[in-house]
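# An overview of the molecular structure
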Amino acid sequence: MADNRGFLPGANCPLLNAFTNPGPSNSGEVPSLTGKDTSNNSTSLGAPSRRLWWLLVILNIFFLLVGQTAATLLGRFYYDQGGNSKWMSTLVQTIGFPLLFLALLYLPRSTTSTGSPSTHLLHLLLVYLVLGLIIAGDNLMYSYGLLYLPVSTYSLICASQLAFNSIFAYFLNSQKFTALIFNSVVLLTFSAALLGVNEDSDGSSNLSHKYYVLGFVLTLGASATYALILSLMQLSFDKVIKKETFSAVLDMQIYTAFVATCASLVGLFASGEWRGLQGEMEGFKSGKVSYILTLVGTAVSWQVASIGVVGLVFVVSSLFSNVISTLALPVVPVFAVIFFKDKMNGVMIVAMLIAIWGFASYMYQHYLDDLKVKNDAGENNGTDFTGV
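Let me begin by describing the structure that accompanies this report. (Residues numbered from 1 in each chain as written. Predicted model: local features only at pLDDT ≥ 70, side-chain atom pairs only at ≥ 80, totals over all residues. Heavy atoms only, no water.)

### Remarks on the overall build of the protein
Stated formally: Per the convention used, a helix needs a DSSP run of H or I reaching at least four residues, while a strand needs a run of E reaching at least two, with both numbered from the N terminus. Each residue's exposure class comes from its accessible area (1.4 Å probe, protein chains only) as a fraction of the maximum for that residue type: buried when under 20%, exposed when over 50%, partly exposed otherwise. Using a 1.4 Å probe, accessible areas were evaluated by the Shrake-Rupley method; residue-level cover was limited to the displayed protein chains.
On a plain count of helices and strands, the protein comes out with 15 helices and 0 strands. Relative to its 388 residues, the protein shows a buried fraction of 55%. Carbon and sulfur atoms make up 68% of the accessible area of the protein, which totals about 16400 Å².

This is how it looks when you write it as C-alpha cells:
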C-alpha cells in the first residue's frame, strides 16, 4: 500500500498549500508551529483556547502516525499470512472513505471561501472521475510493490515521491526549483538506486530477481503517480473548484475515494480474484477472524490517517502536516524488522540516511520560504522576525 493514501502528502503537498495563508502573527492567536498565520484557523475553529488547540494538534498527529504505520504493516501482514488478492489489497485502501465524515464531528466546516460561489457540476464530476481512476491504478501498483518487496525496502522507496512531487509541481503548479530542492531530488534518487541493486541481501531471497525488479519498478512508478495526483489536484483546485475551504478538501477526498473504490470493485470481479476470496480466507494462517480483522483494520487505518492529515492542515498548516506524515518513513522499517524479520543491512541503512538527508534538505527549503514570508509580513507591520 501507499505510504500515504488518498490525500496524504509526502513532504510537500501542493494541493493543500492553498489552505495556508501567510500573514503577520497577532497577539492572542493560537500558536503557530510553522511560522504561518493561524488567525484563519482560529476563526474557523471558533477561537479555541490554547489547550484545546494543542489537544487537536496532538490528536491529529496521533491519528496520522498510527494510522499510516498500522495500515502499511497490516498490508504486509495480509500477504505474509496467505493473502494474495492484489485487487482486495487495492480496495481496502479507499473503501473506508465514509469514515472521513467523522472529521466533521470535531472539525467544523469553514464558512468562508475565496473562490467562486459555484463550480460547473459536469467539470467537477469529471475531475473526481479522472482523479479517482488514477488513484485506483496507483493503489494497485502500490499493492503489487508491497507483495514483492520487504516492508522496509518498500517504505524507503516511497520516499522518492518527494522528488517526483518537486518535479511535477515545477511543471504543473509553477513552483520554484531551488538548489536545496534539486539536492533533495538527487539524494532521494540515489537512495532509491541503492535499494534497486540491493535485492540479494535485503530479505527477498525467497523471491526471484524478476519479481523484485517488478516490485521495485511498480513502487517507484506508484510514487511518481502519487506525486502527479497531488499536482493534478492542486491544478483542479486552482482552475476548476476555485474554493479554499476545509469542506472542499474533504469533498475531494471522499468523492475521489468513492470512484477509486468502485474501480477497485470492478477490477476485483473482472479479474476473477473474487472467486478465490473464500479459499483465501479459509487458508489464512492466523484464521478466518484474523483475515477479516486484517482487512477491516487496514481500511480503517488508512482513513484514520486521512482524518489526521486533513485535521493538521485545517488546525495548523499543510507544511506541518507534511512534516508529520513523512516522519513515518523511518518508523515503518523499524517495525518491519521487529515483526517481519526484514534485514537492515549496511546498504539499506545508508539508503535510509541518504533519504533522511534528502528529506531534511527538502524541508529546510520550505522553512526558508516560510521565514521569508513571515519576515515580509513583519516588515509590513514594523516587526522583525529574523531571529524567530
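### Considering the pattern of salt bridges
Operational definition: A side-chain nitrogen of Lys or Arg and a carboxyl oxygen of Asp or Glu constitute a salt bridge if their distance falls within 4 Å.
All told, the structure shown has 1 salt bridge when counted by the stated rule. Residue Asp80 pairs with Arg76 through a salt bridge whose shortest N-O separation is 2.9 Å. Placement of both Asp80 and Arg76 in helix α2 (residues 50-80) is noted, with a separation of 4 residues, approximately one turn of the helix. The exposure class assigned to Asp80 is partly exposed, which follows from its relative accessible area of 30%. A relative accessible area of 10% means that Arg76 is categorised as buried.

### Considerations on a nonpolar patch on the surface
Quick note on the threshold: For patches, a residue must show more than 30% relative accessible area and have no salt bridge; joins then use 9 Å for like charges and 5 Å for nonpolar side chains, namely Val, Leu, Ile, Met, Phe, Trp and Tyr.
On the surface, Ile167, Tyr170, Phe171, Leu172, Phe177 and Phe182 cluster together into a nonpolar patch covering about 580 Å² of accessible area. No other element matches helix α7 (residues 161-172), which puts 4 residues into the nonpolar patch. Along the chain, Phe171 falls in helix α7. Phe171 gets classed as exposed once you look at its relative accessible area, which sits at 63%.

### Remarks on the side chain of Thr90
Formally: Between N or O atoms, a polar contact is any pair within 3.5 Å; within protein, one atom must be a potential hydrogen donor and the other a potential acceptor, and residues adjacent in sequence are included only when both atoms are from side chains.
Along the polypeptide, Thr90 turns up in helix α3 (residues 86-91). Since its relative accessible area comes to 0%, Thr90 is described here as buried. A polar side-chain atom of Thr90 sits 2.8 Å from the main-chain carbonyl oxygen of Lys86.

### Focus on the environment of Leu230
Position of Leu230 among the secondary structure elements: in helix α9 (residues 209-241). For Leu230, a relative accessible area of 2% corresponds to the buried category. Taking the C-alpha atoms as reference, Leu230 lies 7.6 Å from Asn165; in sequence the two are 65 residues apart.

### Examining the packing of helix α5 (residues 121-148) against helix α10 (residues 246-270)
Selection rule: Fitted lines through C-alpha atoms give the axes, limited to the stretch in contact for helices. The angle between two N-to-C directions lies from 0 to 180 degrees. When an angle is under 35 degrees it counts as roughly parallel; over 145 it counts as roughly antiparallel; between 65 and 115 it counts as roughly perpendicular; any other value is oblique. Left-handed describes a crossing in which the near helix is turned anticlockwise from the far one by less than a right angle; the clockwise case is right-handed. Should any heavy atoms of two residues lie within 4.5 Å, those residues are counted as being in contact.
The N-to-C vectors of α5 and α10 enclose an angle of 55°; their axes lie 7 Å apart at closest approach. Looking at the two axes, α5 sits oblique to α10. Judged by the sense of rotation from one axis to the other, the crossing of α5 with α10 is right-handed. Within the contact between the two elements, α5 uses Val127, Tyr128, Leu129, Leu131, Gly132, Leu133, Ile135 and Ala136 and α10 uses Asp251, Met252, Tyr255, Thr256, Val259, Ala260, Ala263 and Ser264.

### With respect to the nonpolar core
Where a protein is soluble and globular, its nonpolar side chains tend to be buried together. In plain terms, the rule: In this description, a nonpolar core means a group of buried Ala, Val, Leu, Ile, Met, Phe, Trp, Tyr and Cys residues linked to one another through side-chain atoms lying within 4.5 Å.
Tyr78, Met88, Val151, Leu195 and Tyr291 are the most contacted members of the largest nonpolar core, which has 37 residues in total. By size, the runner-up hydrophobic cluster in this structure holds 17 residues, among which are Phe246, Leu250, Ile307 and Val315.

### Overview of the packing of aromatic side chains
The test is simple: By convention, a stacked pair of Phe, Tyr or Trp rings (six-membered ring in the case of Trp) has centres within 6.5 Å and planes under 30 degrees apart, an edge-to-face pair has planes over 60 apart, and any other such pair is tilted.
Under the counting rule described, the total for this entry stands at 12 aromatic pairs. Seen in terms of ring centroids, Phe77 and Phe284 are 6.2 Å apart; in terms of plane orientation they differ by 75°. Their pairing is edge-to-face. Highlighted residues: Phe77 in helix α2 and Phe284 in the loop between α11 (277-282) and α12 (288-315), separated in sequence by 207 residues. Ring geometry for Tyr142 against Tyr154: centres 6.2 Å apart, planes inclined by 75°, an arrangement best described as edge-to-face. With Tyr142 in helix α5 and Tyr154 in helix α6 (residues 151-158), the pair connects residues that are 12 residues apart, well separated along the chain. Neither Tyr142 nor Tyr154 differs from the other in exposure class; each is buried. One aromatic cluster is present, built from ring pairs that chain together Phe77, Tyr78, Tyr79, Phe284 and Tyr291.

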